[in-house]
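Observations on the three-dimensional arrangement
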Amino acid sequence: MLKFGDRRTVLRNPSDELKTGTLHAMLKQLGLKEEDI
């Protein structure tokens, strides 16, 4: 689980490469934009 403030998202196996859609969904759940990382 990845926490950012009071928001959180579930991270799959961190050694696997993330697909773009998965990354965008995780950022949305955390309230972040791609430019923020």
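Residues numbered from 1 in each chain as written. Predicted model: local features only at pLDDT ≥ 70, side-chain atom pairs only at ≥ 80, totals over all residues. Heavy atoms only, no water.

The name that an unreviewed UniProt entry assigns to the chain is YcfA family protein, with the source organism given as Thioalkalivibrio nitratireducens.

1. Quick notes on helix H1 (residues 20–30)
Residues Met26, Leu27 and Leu30 constitute the buried set of H1. For H1, the buried positions fall inside an angular range of 100° around the axis, keeping them on one side. Turned more than 90 degrees away from the buried face of H1 sit Gly21 and Lys28, all of them exposed. Residues of H1 that are buried make contact with strand S1 (2–4) and strand S2 (7–9). Of the residues flanking the end of H1, it is glycine 31, one or two places downstream, whose phi is positive at about 75°. (Buried < 20%, exposed > 50% of the residue type's maximum accessible area, 1.4 Å probe, protein only. Helix = DSSP H or I, 4+ residues; strand = E, 2+ residues; numbered from the N terminus. Arc of directions from axis to C-beta. Contact = heavy atoms within 4.5 Å.)

2. Details of the environment of glutamate 34
Mapping glutamate 34 onto the fold places it in the segment after H1. On the accessibility criterion, glutamate 34 (47% relative accessible area) is partly exposed. As for glutamate 34 and glutamate 17, which are separated by 17 residues in sequence, their C-alpha atoms are 16 Å apart. Beyond its immediate chain neighbours, meaning those up to four positions away, glutamate 34 contacts His24 and Leu27.

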